[in-house]
Structure formats: C-alpha cells, structure tokens
Amino acid sequence: MADDAGRTVRVAMVGYAFMGAAHSQGWRNAHRFFDLPATPELTVLCGRTADATEAAARKLGWADWATDWRDVVERDDVDVVDICTPGDTHRDIALAALAAGKHVLCEKPLANTVVEAEEMAAAARSAEERGVRSMVGFSYRCTPALALARDLVAAGRLGRIHHVRAEYLQDWIVDPQFPLVWRLQKDKAGSGALGDIGAHVVDLAHFLTGERLTGVSGTLERFVDERPLPDGGATGGLGAGGGTGTGPVTVDDAAAFFGRNEGGALATFVATRFATGRKNAMRIELNGSDGSLAFDFERLNELQVYDGTVPAADAGFRRILATEPDHPYAGAWWPPGHGLGYEHTFVNEIADFVRAVVDGRAPTPSFDDGLYVQRVLDAVERSSDASSTWTAIS
Ligand code: SOE
C-alpha cells in the first residue's frame, strides 16, 4: 500500500476483454463517486500480445502495459492484482500475486476446478494472516436492489424461506454458426453456462439467504456440438468470428439443477445460453412464510416485494425502485429515479474492495465463498454424469 500522504491503491490488471473493460471503468470511477480512503491508480495492464495490450491500455486508461503477468505481480509499484482472464489462469496468477503480498480481486468463477479453488482459498486464508486481502468478483451482489433484498431477508421480513428460484438466461450462442470462443472450451473456461452464469445465481442464492446448499441434483445439456473456429484460432472473445474449419464444443450449453439449503429451503436453478430472446435475464425469487421478493436484472433498479403479513385484501407485490439515498450504493450516484446500469455494479464492487483493503478488513465475497460455488458447480457436473439422483456437497 502507498504511503499515507498519497493514499493510493496502485492496480495491475491482467486481461482486458469484456471484464477488463468493465473493471477498468470501475477503477477509474470508484473514487469519483464514493468517498474512498485511497485513490486507485491504473498502473499497469497485462495481456498476451504487445500491440493489442498497448492499444487496450491506452483505450482503457492504464499508465503502463506488459505481457508477462509473472513480472507484473512482483512489481514494487503494484498493490493490487485484478484478474480478468479466462478461468484457466486464475489459480496461477492469484497464487503468485498473494505470495508477492498483493491484494487480489479475481473474476468469477474463482477457478476451473475444485482443486484449484481449494488451493486459492488456502492461499487467501494464509495471506489474510499477513494482511493481504482477496475477493472474488460476484458483481451482481453490488446491485442496489439485490443488496436491499439481502437486507430484507436478513431482517426477517420474509420469515422462513421455503423456495429459492433462480435463473440466468442468455441467448448469444443460439446460432450454431457462432464461433468456438474460449467460453465454449472446457480447458479455458472450466464449464459452459454452468460456471459462467450459473455461478452468479448460485452465489446470489447464498448472498440473499445467508445459507449454503447441502446437496444438488442436476443435469447439463449441450445443443450444438461443433462450431466454426474463431479468426486466429479457437480463443476469441464473445464475438470473434471468421476462422476456417470447425472444432468441438467441450462445455455445457445449459444447466438445470435443484438443491436444498441449510435452512431447508428448496432451491431450483437454470443457467442457459439458449433462452432465445433473453439477453441477460438474471432472475431470482424467494418465497418465505411471511413474504416474497423477486428480481430481474433486465429491470435491475427494481425489486418486487410481497408482504404476506398484511390483510389479504391489501396484499400484493409492490415495486421498490432501489434508487433512494438509503438504498445500498444508490446514494453515491444519481437522484432518486434516475437509475444505474450494469457497469455501476463493478464501480460499487471496486469501492467495497478498496475500502476493505485500506481499512484492513477481509472483503466479501471471499475466496472461500468462491470455493463454495466451485463445489456446487462440481457437484452438479458429477450429478449430471452419475446415475445417482443426489450429490452431497462437501
Ligand atoms: C457471459 O456472457 C457474461 O459475460 C458473464 O461472463 C459475466 O459474468 C456476466 O456478468 C455477463 O455475461
């Protein structure tokens, strides 16, 4: 951490595609909207190829650029390493950064396997003892309406939770001609819709209820087995195309699973990239003995709440516009009713991270929270492969 006078947090970010762009605007803006104890500095951006990384550094506002993350994590002018790469590099970068005494923000899912996630969580716990902090980037927790939902559940407003129903619906690969990008390759991404977007709803179910799943049963599906290679080989981003030849899709296109929470609630999940017409419809509904709440990220400033304790004639779902100064994060932004977008969840997330790092607190969600999600993903995969109907989560 920089000296008290400067009170800066000097950041190195590895990766600069979709998440790199989302995080960069978060690092640029967090101290301009939140009163933070230190000012983030976009010190160095790290990527695989020099020309593309230099261009990305200029575009995204980074002071320097590099192509070897092993050097970057050792730099004396770096306090934080932000990992925005595909999952196959999360473990190596995080372990090296933590060992070098750097605080780490790592995109979700934490890793590609439970073994990697266990190593990362153990390293994070050890680093915590040296005052080195770490967090996994489940950014949707920083949506005001979802943070409000968590507060309502924690205050007991829903009573005992009986049902959690969560789904994350996208449709960007319904076209079989969409190219074989890295998110469709197991060795890069670890899994498909299950880990990429299913991880978000598994984490949200935990975040909102404060309870973890004790077991799951589920199935995975792949609708398209072969896709055109992207231009420049099978590694392109969300939209790279134009390659020659085809390659095998090695991950799931969709996942459906259910489980039981520690508190007894029945939880059901769907994560799919084949929900034609649904672009980023991340939805969750909780039903309790005293009420319910419902959220849809396509209407992310709103929370639907049902109070079951009022007379039936007066009861009904009401819409809360989570844009009041008293709503989580909302007070740092615009006047009531003006609303936030997807990018603001990353600014909110980075503000939380900077505050925790400078104040000497363990940020949440922790690598242990990320490990829990990894165990659920793994249990769903084993459940899908096995003939058994139930897979316990260790
Ligand atoms: C998948 O398309 C994706 O980019 C996820 O990887 C992100 O985590 C999610 O925020 C948006 O959709």
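Scoring rules and cut-offs
- Residues numbered from 1 in each chain as written.
- Predicted model: local features only at pLDDT ≥ 70, side-chain atom pairs only at ≥ 80, totals over all residues.
- Heavy atoms only, no water.
- Salt bridge = Lys/Arg side-chain N within 4 Å of Asp/Glu carboxyl O.
- Helix = DSSP H or I, 4+ residues; strand = E, 2+ residues; numbered from the N terminus.
- Buried < 20%, exposed > 50% of the residue type's maximum accessible area, 1.4 Å probe, protein only.
- Near = heavy atom within 4 Å.
- Polar contact = N/O pair within 3.5 Å; in protein donor to acceptor, adjacent residues only side chain to side chain.
- Nonpolar A, V, L, I, M, F, W, Y, C, P; charged D, E, K, R; others polar.
- Domains from an automatic or database assignment.
- Pairing = 2+ DSSP bridges.
- Axes fitted to C-alpha atoms, helices over the stretch in contact; angles between N-to-C directions.
- Contact = heavy atoms within 4.5 Å.

> Whenever I open this one, the pattern of salt bridges confuses me. Can you help?
Any two side chains of opposite charge can pair, on the condition that their charged atoms come close. Enumeration over the complete set of coordinates arrives at 26 salt bridges. A salt bridge links Lys-108 to Asp-196; the shortest N-O distance between them is 3.0 Å. Of this pair, Lys-108 sits in the loop between β5 (103-107) and α5 (114-128) while Asp-196 sits in helix α8 (residues 193-196), and the two are 88 residues apart along the sequence. Of the two residues examined, Lys-108 and Asp-196, each falls in the buried class. Its salt-bridge partner being Asp-368, residue Arg-125 comes within 2.3 Å of it at the nearest N-O pair. Note that Arg-125 is positioned in helix α5 and Asp-368 in helix α11 (residues 367-385), a separation of 243 residues in sequence. Residue Arg-125 is classed as partly exposed on the basis of its relative accessible area of 41%. Beyond isolated ion pairs, a larger network of salt bridges with shared partners links Lys-108, Arg-183, Asp-196 and Arg-273.

> I tried to follow the site of the ligand on my own but got confused; where do I start?
Surveying the vicinity of the ligand reveals eleven residues, the closest of which are Lys-108, Tyr-140, Asp-196, His-200 and Tyr-342. For the ligand, an oxygen atom lies 3.0 Å from a polar atom in the side chain of Tyr-140. Within the contact set of the ligand, an oxygen atom lies 2.4 Å away from a side-chain nitrogen or oxygen of Asp-196. Among the residues making up the shell around the ligand, the classes are represented as six nonpolar, two polar and three charged. Residues from two domains meet in the shell around the ligand; each of domain 1 (8-140) and domain 2 (142-363 + 373-385) gives at least three.

> Sorry, what's going on with the sheet that holds strand β2 (residues 39-46) here?
Strand pairing in a sheet is mediated by backbone hydrogen bonds. Such pairs are either parallel or antiparallel. Spatially, β3-β2-β1-β4-β5-β6 is the arrangement adopted by the six strands of the open sheet, whose pairing is parallel. Each edge of the open sheet is held by one strand with a lone partner, namely β3 (64-66) and β6 (134-137). Strand-to-strand twist in this sheet, taken as the mean axis angle between neighbours without regard to direction, amounts to 25°. Note: strand β4 (residues 80-83) against β5, four bridges, orientation parallel. Residue pairing for β5: Val-80 is matched across the bridge by His-103. Along the sheet, α11 makes contact with β5 and β6, crossing β6 at roughly 40°.

> What is the right way to look at unusual backbone geometry in this model?
Only a minority of non-glycine residues have a phi that is not negative, and only a minority of peptide bonds are not trans. In the segment running from Lys-108 into Pro-109, the intervening peptide bond is cis, with an omega of -15°. Relative to the helices and strands, Pro-109 is located in the loop between β5 and α5. For the peptide bond that leads from Thr-364 to Pro-365, omega is 0°, which places it in the cis range. Summarising the element assignment, Pro-365 is placed in the loop between α10 (342-359) and α11.

> In this structure, what is going on with the environment of Thr-272? I would like to understand it.
Relative to the elements of secondary structure, Thr-272 occurs in strand β12 (residues 266-272). Along the chain, Thr-272 and Val-216 lie 56 residues apart, while their C-alpha atoms are 18 Å from each other. Every residue in contact with Thr-272, bar those within four places of it in the chain, is listed here: Tyr-168, Leu-169, Gln-170, Ala-193, Ile-197, Asp-253 and Ala-254. In this structure the side chain of Thr-272 is engaged in a polar contact, spanning 2.9 Å, whose partner is the backbone nitrogen of Phe-274.

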